[in-house]
Amino acid sequence: MTDYGATRSLTAMFLDQAGRMGDRPFLWAKRDGTWRPLSWAQAADTALALAGGLRALGLAGGDRVMLVSENRPEWAIADIAAMAAGGITVPSYVTNTPAEHLHILNNSGARFVVVSTRALADKVITAAWQADHPPTVICIEPPRLAQAGPGLRLASWDEVVATGAGHQDDVRRVVAATRRDDTACLIYTSGTGGAPKGVMQSHGSVLADCMGAHALLASFGLGDESFLSFLPLSHAYEHTVGLWFPISIGAQIHYAESIDALAANMAEVRPTIMTAVPRLYESMRARILRAVQRQGGMKEKLFMAAVRLGASRYERGRLGPLAALRDRALERLVRDKVRQRFGGRLKALVSGGAPLSYEVGLFFTALGVRILQGYGQTEAGPAVSCSPPGKVKIDTVGPPLAGIEVRIAEDGEILIRGEVVMQGYWRDPEATARAIGDGGWLRTGDIGEIDSDGYIRITDRKKDIIVNSGGDNVSPQRVEGFLTVQPEILQAMVHGDRRPHLVALIVPSPDWAEAWAKDNGKPADPAVLVADPDFRRTVSQAVDRVNRQLSTIEKVRRFVLTPEPFTIDNGMLTPTLKIKRHVIRAHHGAELERLYGE
């Protein structure tokens, strides 16, 4: 295992691990229908050669290298190579528009871009032509454009690797000179509240976070681990927990083909650990319930009994003698089969990036699938806390990871201190000063509390809190969480700042809407359904169910339906599936405000 405290840099850690692991499989991708591995030794040779090629092209210490690629082995290799060459990695989402790529290019001053597919290269090259200082674009796959244009240089991945093959000793000297407090990467925030800012993470920040994750997960035994990587590597969560933490424990990483193939990939890969955002677990729960309802009969009864008894066991701590006997029988009849759907080797699902609904967490726990809710921020490693496997409290995000201090400010804001805290925002000292206060405490912008066991409970985002016209504070995420676990509702955003009560924008579940239309002899067109009074009344019943669980100030008094889901493509979701409130308000604000006049 890695000696996290003594390790000088991420790249030194990788080379040490590669030396130990040799020809063992490391990075897996599915090509032509078959999972194909790249060994640790092969990955190290390619990374060192690519690093040498970057230096031959003129990369100097501290130069930024932008990465634009879907999750694949080359992403990991490019990340390692950029740091090994003395550069700073700048991941950029594949969903970014040319304008968003241009913002990151100009803000970071990237001298190089590594891009994967032809379609992505088109967007990158469009942005690169307009950049203040056009970068060298290194294409993993040949681009469609025959030439880059004036001032812009194109190079192929294979050519750069071939050029650098003889410079590995030089690269190893650079790695040996890299310090723990050197900047490793600029991770740009997802832009939920405006223009993305570049978060400067040091090698030590990521290493400290890996150490905390290891201390947490070692309790259930870490051995020959296999990760299924699904979240974009451009996000700090997957970059640390889905790439560098697996490297630190010598694990294998499989790159999922797509969200649609995720269930099949889990059965094929049989991962031991998987990290994802709550929205994915919500979707899994909904799909499982729909499948069970379609089966009906005794299978549905047994399944729902397993959920009820498992939930009761968690919430009460134990079951009575007869209930315990039934529960043990359901372990074999139901829960073992559910675990097989996840590959049969899964030690834990880890949820992070947004709050996990209590109902969703309880569902998986009741079915015998361990789900650990974590909490973090790009500005802090990013993992700050996580439920320990031996004592999960579903309504909390667990205690702080080893090496991280957490305290609650007088106004309820969560403050963080430790090596995991960012070095600052790139070229933005004012924003850095606002984020990091006296004593090095990071102001998270999250509101929360710490219970008697030291577990953190998040109650809201400080800047997202709705203050109604009566002066009451309301958590929109809490209300939205209740709404979106209803089978009728896919997505929701509540609104009501400085207004007398809450209203909501609701996206009906397409699967549920289609079934409702069929049962009621109505057209299945979403645009037609949302205007249908009977359809609206049925959705209203779901809202009423939610309101019965909420306090007076949290109740949704009126709502408007929209047939258009919040997606990454329409700009209403971040790449990690968080809603962009300011974008949604720009599109639907007038409709929401009209609800107050009805």
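The structure displayed is predicted, hence computed values, not measured ones.

The secondary structure content of the protein chain amounts to 20 helices and 25 strands. Relative to the globule expectation of 25 Å for 598 residues, the C-alpha radius of gyration of the protein chain, 25 Å, shows essentially globular dimensions. With respect to the principal axes defined by its C-alpha atoms, the protein chain has extents near 70 × 55 × 55 Å. Residue pairs in contact within the protein chain that sit at least 24 positions apart in sequence constitute 65% of those at least 6 positions apart. Across the protein chain, the 69 positively charged side chains and the 66 negatively charged ones have centroids separated by 5 Å.

Attention now goes to the pattern of salt bridges. By the definition in use, this model includes 33 salt bridges. Note that Glu-593 and Arg-499 form a salt bridge whose closest N and O atoms lie 3.5 Å from each other. Of the two residues, Glu-593 sits in helix H20 (residues 581-594) while Arg-499 sits in the loop between strand E23 (489-495) and strand E24 (502-508), which places them 94 residues apart along the sequence. Exposure remark for Glu-593: the relative accessible area of 34% places this residue in the partly exposed category. One connected set of salt bridges, linked through shared partners, spans Arg-313, Asp-327, Glu-331, Arg-335, Asp-336 and Arg-339.

Here the focus is the packing of helix H11 (residues 278-295) against helix H12 (residues 297-316). H12 packs onto H11 with a crossing angle of 140° between their chain directions and a minimal axis gap of 6 Å. Overall, the two elements H11 and H12 adopt an arrangement that is oblique. Every residue of H12 that contacts H11 at Ile-288, Leu-289, Val-292, Gln-293 and Gln-295 is listed here: Gly-297, Lys-299, Glu-300, Phe-303 and Met-304.

One way to say it: the disulfide is the covalent bond shared by the sulfur atoms of two cysteines. Under the counting rule described, the total for this entry stands at zero disulfides. A disulfide-free cysteine, Cys-185 has its sulfur positioned 11 Å from the sulfur of Cys-210, the nearest such atom. We classify Cys-185 as buried; its relative accessible area is 0%. With a relative accessible area of 0%, Cys-210 lands in the buried category.

A regular strand places its side chains so that they alternate between the two faces of the sheet. Bridge count between strand E1 (residues 25-31) and strand E2 (residues 34-39): six bridges; the pairing is antiparallel. Within E2, the position partnered with Arg-31 by the bridge is Thr-34. Between E1 and E2, which pair antiparallel in sequence order, lie two residues; one of them, Asp-32, sits at a positive phi of approximately 55°. When E1 meets strand E11 (residues 252-255), the two strands line up parallel, connected through two bridges. By the bridge assignment, Leu-27 is partnered in E11 with Ile-253.

All right, on to the sheet that holds strand E16 (residues 405-408) then. Reading across the sheet, the four strands line up as E16-E17-E19-E20 and stay open at both edges, with antiparallel pairing between neighbours. Both outer strands of the open sheet, E16 and strand E20 (456-461), are each paired with one neighbouring strand and no more. Strand after strand, the sheet turns through a mean of 50° between neighbouring axes, direction not considered. Two elements, E16 and strand E17 (residues 413-417), share four bridges in a ladder whose sense is antiparallel. From the neighbouring strand, Val-406 faces E17, where its bridge partner is Ile-416.

This part takes up the nonpolar core. Counting 130 residues, the largest nonpolar core has Phe-14, Trp-244, Phe-303 and Phe-364 as its most contacted members. Val-494, Leu-502, Ala-504 and Phe-535 belong to the second-largest nonpolar core, a separate cluster that totals 25 residues.

Bridge analysis of E17 against strand E19 (residues 442-450) gives three bridges, and the strand direction is antiparallel. In the sheet register, Leu-415 faces E19, and the bridge partner there is Arg-443. Sheet analysis places E19 next to E20, joined by five bridges and oriented antiparallel. Looking at E20, one finds that Ile-450 is bridged to Ile-456. Hairpin connection of E19 to E20: five residues between the antiparallel strands, including Gly-454 at a positive phi of 85°.

A few words on H11. A rise of 1.5 Å per residue sets the reference length of H11, with its 18 residues, at 26 Å; its end C-alpha atoms lie 26 Å apart and thus fit the reference within 8%. Just beyond H11, the residue with positive phi is Gly-296, at close to 60°.

Looking now at the packing of aromatic side chains. The full count for this structure, using the stated rule, is ten aromatic pairs. Pairing Trp-516 with Phe-535 gives two aromatic rings, centres 5.2 Å apart and planes at 80°, and the pair type is edge-to-face. With Trp-516 in helix H17 (residues 510-520) and Phe-535 in helix H19 (residues 533-547), the pair connects residues that are 19 residues apart, well separated along the chain. Considered together, Trp-516 and Phe-535 belong to a single accessibility category, that of buried residues. An aromatic cluster of three or more residues is present, and its members are Tyr-281, Phe-303, Phe-342, Phe-363 and Phe-364. We note Lys-197 situated over the ring of Tyr-425; from NZ or CZ to the ring centre the distance is 4.9 Å.

With respect to the element layout, Gly-87 can be found in the loop between helix H3 (73-84) and strand E4 (88-91). In this structure, the C-alpha to C-alpha distance between Gly-87 and Val-65, residues 22 residues apart in sequence, is 6.7 Å. Excluding anything up to four places from it in sequence, Gly-87 contacts Leu-59, Gly-62, Asp-63, Ala-82, Thr-183 and Ala-184.

Before going further, it helps to examine the environment of Gly-164. By secondary structure assignment, the location of Gly-164 is in helix H6 (residues 157-164). For the pair formed by Gly-164 and Leu-50, sequence separation is 114 residues and the distance between their alpha carbons is 5.8 Å. Ignoring sequence-local partners within four residues, the contact set of Gly-164 consists of Leu-48, Ala-49, Gly-52 and Gly-53.

Attention now goes to the side chain of Ser-234. In this fold, Ser-234 is placed in the loop between strand E10 (226-229) and helix H9 (236-248). Ser-234 gets classed as buried once you look at its relative accessible area, which sits at 3%. Within the structure, Ser-234 has its side chain in polar contact with the backbone oxygen of Ser-92 (distance 3.2 Å). Setting aside chain neighbours within four positions, we find Ser-234 in contact with Trp-75, Pro-91, Ser-92, Tyr-93 and Ile-187.

Quick look at the packing of helix H1 (residues 10-21) against helix H8 (residues 203-217) now. Between H1 and H8, whose axes approach to 9 Å, the crossing angle comes to 55°. Taken together, H1 and H8 sit at an angle that is classed as oblique. Residues Leu-10, Thr-11 and Met-13 of H1 touch H8, and the partners they reach there are His-203, Val-206 and Leu-207. Partitioning the contact of H1 with H8 into residue classes produces four nonpolar, two polar and no charged.

Spatial ordering of the open sheet is given by E23-E24-E25, a layout of three strands whose pairing is mixed. Two strands in the sheet have a free side with no partner beyond their single neighbour: E23 and strand E25 (556-561). Sheet twist, expressed as the average angle between the axes of neighbouring strands with direction ignored, equals 30°. Where E23 lies against E24, six bridges are found, and the strand directions are antiparallel. Along E24, the bridge assignment pairs Met-493 with Leu-505. Against the sheet, helix H16 (residues 476-484) engages E23, E24 and E25, with an angle of about 155° to E23.

Thresholds applied
Position labels on residues start from 1 in each chain and follow its written sequence. Totals for whole chains, interfaces and linings use every residue, but because this is a predicted model, local features are given only for residues with pLDDT of at least 70 and side-chain atom pairs only at 80 or more, for both listing and counting. As a convention, hydrogens and water are excluded, and side-chain values are obtained from all of the structure's heavy atoms. Counting from the N terminus, the helices are the DSSP runs of H or I reaching at least four residues and the strands are the DSSP runs of E reaching at least two. Each radius of gyration reported is based on C-alpha atoms, and the globular scaling rule is 2.2 Å times the count of residues to the power 0.38. Whether two residues are in contact is decided by their heavy atoms: any pair within 4.5 Å suffices. This count recognises Lys and Arg as positive and Asp and Glu as negative, with His and chain-terminal groups excluded. The location of each charge is read from NZ of Lys, CZ of Arg, CG of Asp or CD of Glu. Any carboxyl oxygen of Asp or Glu that lies within 4 Å of a side-chain nitrogen of Lys or Arg is treated as forming a salt bridge with it. Classification of residues uses two cut-offs on accessible area relative to the type maximum, computed with a 1.4 Å probe and protein chains only: under 20% is buried, over 50% is exposed, and between them is partly exposed. Axis definition: a line fitted to C-alpha atoms, over the contacting stretch in the case of helices. Angles run 0 to 180 degrees between N-to-C directions. Orientation labels follow simple angle bins: below 35 degrees gives roughly parallel, above 145 gives roughly antiparallel, 65 to 115 gives roughly perpendicular, and whatever is left gives oblique. By convention in this document, the label disulfide applies to cysteine sulfur atom pairs within 2.5 Å. Being paired, for any two strands, means DSSP has found at least two bridges between them. We call a set of buried Ala, Val, Leu, Ile, Met, Phe, Trp, Tyr and Cys residues a nonpolar core when their side-chain atoms join them within 4.5 Å. To estimate how far a helix should reach, multiply one less than its number of residues by 1.5 Å. The aromatic pairing rule takes the rings of Phe, Tyr and Trp, using the six-membered ring of Trp, and pairs them if the centres are within 6.5 Å, calling planes under 30 degrees apart stacked, those over 60 edge-to-face and the rest tilted. The criterion for a charge sitting over a ring is simple: Lys NZ or Arg CZ within 6 Å of the ring centre, and within 35 degrees of the ring normal. Polar contacts here mean pairs of N or O atoms no more than 3.5 Å apart (in protein, one a potential hydrogen donor and the other a potential acceptor; neighbouring residues in sequence count only if both atoms are side-chain atoms). In the scheme used here, Gly and all other residues not listed as nonpolar or charged are polar, with Ala, Val, Leu, Ile, Met, Phe, Trp, Tyr, Cys and Pro taken as nonpolar and Asp, Glu, Lys and Arg as charged.

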